[in-house]
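Below, each chain spelled out in residue letters.
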Amino acid sequence: MTTPSRANPDDISGFLKRMNTRRTKYSQGCLKRDRLSFTGNPTAKCLLYKAPPGFGKSVQVAQCAQAALERNEDCIYLDFSSFWPKDLSETDLIANSIVAALSSEGFSEKTTTSSVNILALRLLTDHERPVTICLDGVADAATTQRFLRTITLETPETVRLVISEGLPDATVSLSVLSDVVTIGPDDLGFTLDETGLFLSLDADQAKRVFDLTGGWPLLCALAGKSNTPGVGIAHLPEVQAYFENDVLAQVPQPLRDCLMKASWLEEINEDVCNYVFKTDAAGLKLAKLESHYRLLASSTATPNRYEMNRALKEYLRNRFIEANGSRQSYFLKRIAFWHWRRREYRLVIKVALRAQDHNWAQRLGEQALLDLALRQGEIEALITWFTGIPRFKLIQTPSLAIGYAWVLYFGQRAQEAQEVLDRLNVLPASDPAKQDDPNGWGELVHAIGLATHDEMKESDEGCTAWVDTYGLVNPVGQAAAQTCRAFIAASDRQFTILSDQIATATVTSGAVRHRYAFGWLAAAGILARLLNGDIYGARAEIRRAQKDENVAHERTPFVKGMFTSFEFQVQAEDGSITPDDGLLHEALDFALAFGVTDVVWNTVRSAVEVYIRRGDTSRAFLLLERCRLTANERGLKRLGILIRLGTEVFAMGSRTSTSLGIGPLPSDEDLVFLPNQNRAIRAERELLEASRFLRDGKLGLAERQARKALTNFAAIRDQRGEIRAQCTLAATIHLMGDEKQAIKRMVDANLQAQQLGAFRSLENRRHFLRVISPTAKAFLGQKADQVSIAGKTAHELTISKLPAAHISAPISRKQIGVLQHAALGLSNKEIAARLHVTEDTVKWHFRRILSSLNASNRTEAVLIARSKGLI
């Protein structure tokens with residue numbers, strides 16, 4: 001073959017051989033990500049990778065070339081960072097390589113550059129086999145863009161391009177074509193799962209690296225190799241050299257200065273950048289840094305705002321300190337004042353923490369501080385901030401003392417919180433006229449704080465009295481008090497009045513933009529569903545709250561943690577899945593650090609059940625002991641009682657010998673809580689006593705206690721408790737010889753569990769009874785699937801097809817079960833056979849159903865029940 005465009009054919013051939021070696025080495029041992037290739041973009045004519053150095057563009061180009069060869073396509077792979085034959089431009093090299101790879105005929109030695117380009121285009125157009133052209137590091141903007149654009153527009157669909165930019169703006173005209181797919185840093189960055197796979201790390205280590213790097217591939221590699229336990233990686237010499245010599249070297253100095261200043265901000269946008277640094281045209285520079293250099297990304301949550309990679313921001317902030325020295329405090333104050341004027345107090349706090357200037361605390365004032373504490377719920381941020389303020393300064397400033405007490409209460413440090421309020425009350429500045437607290441904040445914090453310490457009766461009385469005294473002059477406080485009362489109602493299972501309390505608190509909170517209250521109101525609704533045993537309803541409430549912009553559970557870590565604990569409890573009841581360790585640990589961390597008694601115990605109980613199912617009983621009882629010590633340390637009596645009862649049940653069911661369950665059971669004198677809380681404890685105590693008698697063969701006593709437990713569970717509408725009591729009573733009656741009644745009880749428990757989605761409660765109780773009463777094993781095993789809904793098992797049904805156990809349903813649970821079978825077209829006789837009742841009982845149920853639903857016949861009753869979501 002003759003030489004086109006003055007290129008020596010041996011040089012071109014040798015270069016392409018070197019490229020083959022390079023391609024192979026780039027592809028070896030690298031993470032394959034189909035979403036970034038033609039596999040994930042099958043209709044694309046061209047894949048265009050645009051990102052800063054270190055995002056794996058070269059690896060992706062090489063992998064696309066390797067994939068093309070594996071598909072038996074012709075492939076031209078070029079890496080422009082290597083050395084290529086002299087006297088050839090980038091465009092000439094591409095054209096000559098195409099000719100060398102595809103041509104089988106010689107041509108004149110006088111062939112010009114233009115004719116080589118035309119020849120390359122003709123070869124691509126006429127070639128019978130598919131061709132993939134993979135170009136890594138395109139930099140010669142004008143001529144190369146023109147040639148690649150021509151290939152894209154004029155060659156058949158069998159010719160495809162894969163291109164990575166070597167310099168910004170090198171492929172601008174190409175990127176606007178309709179069949180060119182641009183893949184940027186967001187796509188090229190690793191996901192959390194990919195970080196773990198790439199570095200071969202466990203889930204916790206992978207999350208740490210991912211959080212440090214934001215998924216930036218080269219940073220992941222450097223962080224993964226580092227054994228430094230620090231919170232950042234910007235101090236590593238390799239990272240510093242990479243940012244300085246590779247990432248920032250291609251950015252012009254004015255834009256580098258703008259990027260460094262932007263890193264100093266809490267939120268990056270044009271207005272704050274211009275204000276803080278007194279610059280002009282910051283918007284154009286920020287846009288350039290985003291669109292051309294890809295070092296900023298537009299925020300998906302807030303318009304006209306940019307985000308910066310965490311590691312890059314940390315590095316640039318260090319550079320900012322080096323460049324500005326003592327002026328950094330001046331800029332921080334300007335940033336704080338900017339956010340202050342916009343009433344963005346949360347960001348003011350973050351700036352204060354960075355400045356380590358706790359004198360700012362005295363300037364916050366009552367409005368700002370209580371806005372953060374009560375309306376926005378920045379509990380964790382405020383705890384960190386208050387920790388650095390000398391205690392005498394806190395007490396000297398009433399608004400600080402009140403805010404500090406608030407976060408202490410919600411951090412489960414009630415004794416310290418009360419001490420702060422007591423010391424505030426004895427200061428001379430706090431006279432009887434309450435001149436320093438005319439809005440009653442101190443009394444409100446104390447009243448609500450009692451609820452966090454599980455003194456809910458006193459808290460409810462205190463909130464009621466506070467509203468009567470201060471409600472008209474302090475609407476934000478009124479919203480907080482009403483929200484607290486709603487949560488207390490949920491904890492006491494006052495389901496009939498809860499919806500009205502939530503509605504009232506929602507109206508007041510909405511009027512004063514009390515955002516934190518919406519999270520607690522949603523939590524009250526979810527907690528009520530869980531205490532009622534309605535797992536499907538709880539899951540639906542969680543999903544509804546997650547979509548509610550007022551709740552904004554992702555914005556406030558405290559509310560997000562509470563939702564995590566609820567989500568874990570719901571998943572723990574699901575019969576088809578087991579919550580992963582990440583969710584389990586997040587839920588426990590929040591519950592044990594911040595949770596109130598109902599959240600703590602239900603989360604811990606679910607976690608213990610998960611551990612025992614895995615066979616890890618030692619971890620289960622270590623968790624129970626940790627929870628018991630927490631209850632003692634905080635003085636949470638109800639939590640201690642629940643742990644005492646639960647521990648003995650877990651010990652009996654796992655045949656574990658432990659001292660945790662030894663000791664007297666709580667007496668009625670110990671029950672000093674809200675009425676239904678007391679009744680719930682009595683029911684648990686009676687069910688435990690029934691289990692003891694059943695284990696010891698004292699069947700008459702076991703039956704009596706099981707019936708008492710069932711009555712108490714029914715009275716407080718704890719349906720999961722009813723399931724456990726029904727199963728215990730069924731096993732007892734079976735051993736007493738009444739097989740028909742035993743089967744009927746078990747059928748009721750099965751149906752109730754299916755209606756609620758409480759599969760684990762049923763399964764765990766069956767397992768527990770088989771352990772403590774081996775003679776009942778056959779009975780407990782043979783009737784597990786006695787009742788099925790719609791001819792399917794519960795696990796085969798989607799949530800939307802399963803009935804919802806509404807707290808305020810107009811018909812009873814058993815009547816819902818009768819209607820479910822009627823909806824299948826079963827006769828009264830067939831329904832009676834399935835439910836193990838008489839035909840007259842079914843007819844009686846239908847009379848009640850028709851009356852309650854105001855229906856004239858069975859068909860109409862089924863339709864009405866479906867419209868209400870009952871079946």
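Definitions and cut-offs
Residues numbered from 1 in each chain as written. Predicted model: local features only at pLDDT ≥ 70, side-chain atom pairs only at ≥ 80, totals over all residues. Heavy atoms only, no water. Helix = DSSP H or I, 4+ residues; strand = E, 2+ residues; numbered from the N terminus. Buried < 20%, exposed > 50% of the residue type's maximum accessible area, 1.4 Å probe, protein only. Contact = heavy atoms within 4.5 Å. Polar contact = N/O pair within 3.5 Å; in protein donor to acceptor, adjacent residues only side chain to side chain. Expected span 1.5 Å × (residues − 1). Salt bridge = Lys/Arg side-chain N within 4 Å of Asp/Glu carboxyl O. Pairing = 2+ DSSP bridges. Axes fitted to C-alpha atoms, helices over the stretch in contact; angles between N-to-C directions. Phe/Tyr/Trp six-rings, centres within 6.5 Å; stacked < 30°, edge-to-face > 60°. Core = buried A, V, L, I, M, F, W, Y, C linked by side-chain atoms within 4.5 Å. Parallel < 35°, antiparallel > 145°, perpendicular 65-115°, else oblique. Left-handed = near helix turned anticlockwise from the far one by under 90°. Nonpolar A, V, L, I, M, F, W, Y, C, P; charged D, E, K, R; others polar.

A short note on the overall build of the protein
Right, so step 1: Helices and strands together make up the secondary structure of the protein, namely 43 helices and seven strands.
Right, so step 2: Counting the 871 residues in the protein, one finds 55% classified as buried.
Right, so step 3: A separation of at least 24 residues holds for 69% of the contacts in the protein among residues at least 6 apart in sequence.

Here's the deal with the side chain of Arg539
Right, so step 1: Within the element layout of this structure, Arg539 appears in helix 28 (residues 535-547).
Right, so step 2: Only 3.3 Å separates the side chain of Arg539 from the side chain of Asp574, close enough to count as a polar contact.

Digging into helix 31 (residues 597-614)
Right, so step 1: Over its 18 residues, helix 31 extends 26 Å from the first C-alpha to the last, a length consistent with the 26 Å expected when each residue adds 1.5 Å.
Right, so step 2: Across the 18 residues of helix 31, 13 count as buried, placing the element largely inside the fold.

Some remarks on the pattern of salt bridges
Pairing between side chains becomes possible if they bear opposite charge and their charged atoms approach one another.
Right, so step 1: Tallied over the full model, the rule gives 36 salt bridges.
Right, so step 2: The partner of Asp79 in a salt bridge is Arg22, and the shortest N-O contact between them spans 2.7 Å. Of the two residues, Asp79 is situated in strand 2 (residues 74-79) and Arg22 in helix 1 (residues 9-27); the sequence distance between them amounts to 57 residues.
Right, so step 3: Of the charged contacts, one joins Arg638 and Asp454 as a salt bridge, the two residues approaching to 2.8 Å between their closest N and O atoms. Here Asp454 lies in the loop between helix 23 (441-452) and helix 24 (456-470) and Arg638 lies in helix 33 (residues 637-654), a separation of 184 residues in the sequence.
Right, so step 4: Each of Glu244, Arg256, Arg319 and Glu322 takes part in salt bridges that share partners, so that together they form one network.

What to know about the sheet that holds strand 2
Backbone-to-backbone hydrogen bonds pair the strands of a sheet. The strands run either parallel or antiparallel.
Right, so step 1: On the basis of which strands lie adjacent, the open sheet formed by five strands has the order 2-3-4-1-5 and parallel pairing. On the outer flanks of this sheet lie strand 2 and strand 5 (180-183), each paired with one strand and no other. Each strand axis lies, on average, 10° off the axis of its neighbour in the sheet, ignoring direction.
Right, so step 2: Strand direction decides the pairing type here: strand 2 and strand 3 (residues 131-138), joined by six bridges, are parallel. In the sheet register, Tyr77 faces strand 3, and the bridge partner there is Cys134.
Right, so step 3: Helix-sheet contacts for helix 5 (residues 141-154) involve strand 3, strand 4 (159-165) and strand 5, and the interaxial angle to strand 4 is about 150°.

Overview of the environment of Ala865
Right, so step 1: Along the chain, Ala865 falls in helix 43 (residues 858-867).
Right, so step 2: Note: C-alpha distance between Ala865 and Ala855 (ten residues apart in sequence) is 9.9 Å.

Remarks on the packing of aromatic side chains
Right, so step 1: Counted under the stated rule, the structure contains 22 aromatic pairs.
Right, so step 2: Taking the centre distance of 5.8 Å and the plane angle of 35° together, the rings of Phe590 and Phe594 count as tilted. Residue Phe590 and its partner Phe594 are located together in helix 30 (residues 581-594), separated by four residues, close to a single helical turn. Of the two residues examined, Phe590 and Phe594, each falls in the buried class.

Concerning unusual backbone geometry
Right, so step 1: Although it is not a glycine, Arg493 sits at a positive phi angle of roughly 60°.
Right, so step 2: Turning to its location among the elements, Arg493 is positioned in the loop between helix 25 (475-491) and helix 26 (495-511).
Right, so step 3: A relative accessible area of 11% means that Arg493 is categorised as buried.
Right, so step 4: With a phi close to 55°, Asn854 is a non-glycine residue in the positive phi region.
Right, so step 5: Here Asn854 is to be found in the loop between helix 42 (839-853) and helix 43.

Side note on the nonpolar core
Right, so step 1: Ranked by size, the top nonpolar core spans 157 residues in total, and within it Phe566, Val604 and Leu819 carry the most contacts.
Right, so step 2: Take this core: its biggest share by element is twelve residues, from helix 27 (residues 515-532).
Right, so step 3: Membership of the second largest hydrophobic core comes to 102 residues, among which are Leu259, Val276, Leu312 and Ile335.

As for the packing of helix 33 against helix 34 (residues 675-695)
Right, so step 1: Taken N-terminus to C-terminus, the directions of helix 33 and helix 34 make an angle of 20°; their axes are 11 Å apart at the nearest point. With respect to each other, helix 33 and helix 34 are oriented roughly parallel. By crossing handedness, the relation of helix 33 to helix 34 is classed as left-handed. Note on element contacts: helix 34 touches helix 33 through Gln677, Ile681, Glu684, Arg685, Leu688, Ser691, Arg692 and Arg695, opposite Arg638, Ile641, Leu642, Arg644, Leu645, Glu648, Val649 and Met652.
Right, so step 2: Tallied by class, residues from the contact of helix 33 with helix 34 come to seven nonpolar, two polar and seven charged.

Some details on the environment of Glu244
Right, so step 1: Structurally, Glu244 can be placed in helix 11 (residues 237-247).
Right, so step 2: Remark: the alpha-carbon pair of Glu244 and Leu316, spanning 72 residues in sequence, is separated by 9.9 Å.
Right, so step 3: Among the polar contacts listed, one links the side chain of Glu244 to the side chain of Tyr315, at a separation of 2.5 Å.

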